[in-house]
Amino acid sequence: MIILISGESCTGKTKLAHELMCRFNIPYLSIDIVMMGLFRNNTNCGYTPMDSVYKINQYVWPIIKEMIKTNIENNTTYIYEGFQIRPSTIKQFEPIYSSKIIPVFLGYSSEYIKNNYTVIKEMRGIIENRNDLDSLNKMILKNKILQDECEAENFDFSCIKNEYTEDIKSIINNVGIKLGKCS
């Protein structure tokens, strides 16, 4: 099985991937690492790290998609995480592959962002060395866009609404159930 974790900046994708890795002993790859490796290897690669997810995906997603297919063909369980994973990109997989994918689209409710923006800002670098953060309104907008994309493509949107730690535990338990590794 392949677990694909997506969400906007500072939603806890890397932390969730790390928690799943530790809990279920599954390796993970941050797509940001691939994106930055390609860019650092050739700064004329067609995108910059500051470009939109849609522009970056023209160059990065075809590589990631083939890596995922190879993992599935080799029957290896793996976690990929990154903002580059979108509902429309997962829909590109043929059923033989998509049946082996567990998508997790992670985000916040608008109310949660409003009430916890300072905490989100403080926690943004808990796993990775990060110093970027969208403005409150931009964060709300990006989360809403991803939620709308999930709805349009019939994917669940794992929305942090109340208490972050408890909501993440619930998401981890749901992934464990889908993996057949009930907690």
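Chemist: Please give an account of empty space enclosed by the protein that cites residues and values.
Modeler: The final tally for this structure, using the stated rule, is one cavity of 30 Å³ or more. If you add up the space inside the largest cavity, you get close to 40 Å³. Together, Met 1, Asn 71, Ile 72, Asn 75, Thr 76 and Lys 100 line the largest cavity. Tallied by class, the residues present in the lining of the largest cavity amount to two nonpolar, three polar and one charged.

Chemist: Can you tell me about the sheet that holds strand β1 (residues 2-7), naming the residues and giving the values?
Modeler: Ordered in space as β2-β3-β1-β4-β5, the five strands form an open sheet in which the pairing is parallel. Every other strand in the sheet has two partners, leaving β2 (28-30) and β5 (157-160) as the edge strands with one partner each. Mean inter-strand twist for the sheet, computed between neighbouring axes without regard to direction, equals 20°. Looking at chain direction, β1 and strand β4 (residues 101-108) are connected through six bridges and run parallel. Along β4, the bridge assignment pairs Leu 4 with Pro 103. With respect to the sheet, helix α3 (residues 53-73) is in contact with β1, β2, β3 (78-81) and β4, its orientation differing from that of β3 by roughly 165°. Against the sheet, helix α8 (residues 164-179) engages β1, β4 and β5, with an angle of about 170° to β4.

Chemist: Before we move on, could you go through the packing of helix α2 (residues 31-41) against α3 and cite the residues and values that matter?
Modeler: Their axes nearest at 10 Å, the elements α2 and α3 cross at an angle of 115°. Where α2 crosses over α3, the handedness of that crossing is right-handed. Here Ile 31, Val 34, Met 35 and Leu 38 of α2 come into contact with α3, specifically with Ile 56, Val 60, Ile 63 and Ile 64. Here the residues of the contact of α2 with α3 sort into eight nonpolar, no polar and no charged.

Chemist: Account for the nonpolar core, with residues named and values stated.
Modeler: Within the largest apolar cluster, 29 residues are counted, with the highest numbers of intra-cluster contacts made by Leu 4, Ile 64, Ile 68, Tyr 80, Ile 85 and Phe 105. At the level of elements, β1, α2, α3, β4, α7 (136-152) and β5 are the ones that each hand at least two residues to this core. With seven residues, α3 is the largest single contributor of residues to this core. If near-sequence neighbours (up to four positions away) are discounted, Ile 85 is found in contact with Leu 4, Ile 5, Ser 6, Ile 31, Trp 61, Tyr 80, Ile 90 and Phe 105.

Chemist: Any chance you could break down the pattern of salt bridges for me, citing the residues and the numbers?
Modeler: In total, this model carries seven salt bridges according to the counting rule given. A salt bridge links Glu 149 to Arg 86; the shortest N-O distance between them is 3.1 Å. Linking Glu 149 in helix α7 with Arg 86 in the loop between β3 and α4 (87-90), this pair joins segments that are 63 residues apart in sequence. Comparing Glu 149 with Arg 86 shows no difference in burial state: the two are buried. Taken together, the shared-partner salt bridges connect Glu 8, Arg 86 and Glu 149 into one network.

Chemist: Describe the packing of aromatic side chains, listing the residues and the values that go with them.
Modeler: Considering all chains together, one arrives at seven aromatic pairs under this definition. A ring pair is formed by Tyr 78 and Tyr 80, whose centres lie 5.3 Å apart and whose planes are at 45°; its orientation type is tilted. Given the relative accessible area of 2%, Tyr 80 is considered buried. Looking at Lys 65, its charged tip hangs above the ring of Phe 93, at a distance of 5.9 Å from the centre.

Chemist: For the side chain of Asp 167, give the residues involved together with the corresponding values.
Modeler: Counting through the fold element by element, Asp 167 comes out in helix α8. Of the side chains bearing the opposite charge, Lys 161 lies closest to the buried Asp 167, which forms no salt bridge; the N-O distance is 8.1 Å. Of the polar contacts made by the side chain of Asp 167, one reaches the backbone nitrogen of Asn 162; its length is 3.1 Å. Aside from chain neighbours lying at most four places away, what touches Asp 167 is Cys 159, Ile 160, Lys 161 and Asn 162.

Criteria and cut-off values
- Residues numbered from 1 in each chain as written.
- Predicted model: local features only at pLDDT ≥ 70, side-chain atom pairs only at ≥ 80, totals over all residues.
- Heavy atoms only, no water.
- 1 Å grid on protein atoms, 1.4 Å probe; cavity = no way out; pocket = protein on both sides within 12 Å on 5 of 7 lines; lining within 4 Å.
- Points joined across faces, edges and corners; volume = space filled by probe spheres on them.
- Nonpolar A, V, L, I, M, F, W, Y, C, P; charged D, E, K, R; others polar.
- Pairing = 2+ DSSP bridges.
- Helix = DSSP H or I, 4+ residues; strand = E, 2+ residues; numbered from the N terminus.
- Axes fitted to C-alpha atoms, helices over the stretch in contact; angles between N-to-C directions.
- Contact = heavy atoms within 4.5 Å.
- Left-handed = near helix turned anticlockwise from the far one by under 90°.
- Core = buried A, V, L, I, M, F, W, Y, C linked by side-chain atoms within 4.5 Å.
- Buried < 20%, exposed > 50% of the residue type's maximum accessible area, 1.4 Å probe, protein only.
- Salt bridge = Lys/Arg side-chain N within 4 Å of Asp/Glu carboxyl O.
- Phe/Tyr/Trp six-rings, centres within 6.5 Å; stacked < 30°, edge-to-face > 60°.
- Lys NZ or Arg CZ within 6 Å of the ring centre and 35° of its normal.
- Lys, Arg positive; Asp, Glu negative; His and termini not counted.
- Polar contact = N/O pair within 3.5 Å; in protein donor to acceptor, adjacent residues only side chain to side chain.

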